[in-house]
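Results of the structural survey
Listed here are the chains, written in short residue letters.
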Amino acid sequence: MKMNVGRLDRGIRILLGLAILSLVFVGPKSLWGLIGLLPLITGLLGWCPPYHLLGINTCGECKQ
């Protein structure tokens, strides 16, 4: 599993994931906020399955 998500992309994913995940605890308190786990996990791991399938790589230092 090679990293394919760049530094800026990872930061945005982590912030967005935390913001969406916070909807479970504040605001509408809906379980739909658990969708925020997807961008959070891909941001923390630095690997995105759809990017891999589409051949996208935003990680500048990880390119071949």
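As shown above, the structure is provided for reference.
These remarks concern the structure in this document. All residue numbers here refer to positions counted from 1 along the written sequence of the relevant chain. Confidence filtering applies because this is a predicted model: local features only for residues at pLDDT of at least 70, side-chain atom pairs given and counted only at 80 or more, and all residues used for totals across whole chains, interfaces and linings. Think of the side-chain values as coming from all heavy atoms in the structure, minus any hydrogens and water.

1. Description of the pattern of salt bridges
Whenever a carboxyl oxygen of Asp or Glu lies within 4 Å of a side-chain nitrogen of Lys or Arg, that contact is scored as a salt bridge. Under the criterion given, the structure shown has one salt bridge. Residues Asp9 and Arg13 are paired through a salt bridge, measuring 3.1 Å at the closest nitrogen-oxygen approach. Of this pair, Asp9 and Arg13 both sit in helix 1 (residues 7-21), four residues apart, roughly one helical turn. For the pair formed by Asp9 and Arg13, the shared burial category is buried. Note on conventions: DSSP H or I runs of at least 4 residues are helices, E runs of at least 2 residues are strands, and numbering of each starts at the N terminus. Accessible area is worked out with a 1.4 Å probe on protein chains only. A residue is then buried under 20% of its type maximum, exposed over 50%, and partly exposed in between.

2. Let's talk about helix 2 (residues 37-45)
Listed in full, the buried residues belonging to helix 2 are Pro39, Leu40, Thr42 and Gly43. Against helix 1 and helix 3 (49-54) lie the buried residues of helix 2. The contact rule is simple, with two residues in contact once any of their heavy atoms fall within 4.5 Å.

Honestly, that's just the spatial picture; any functional story needs more than this.
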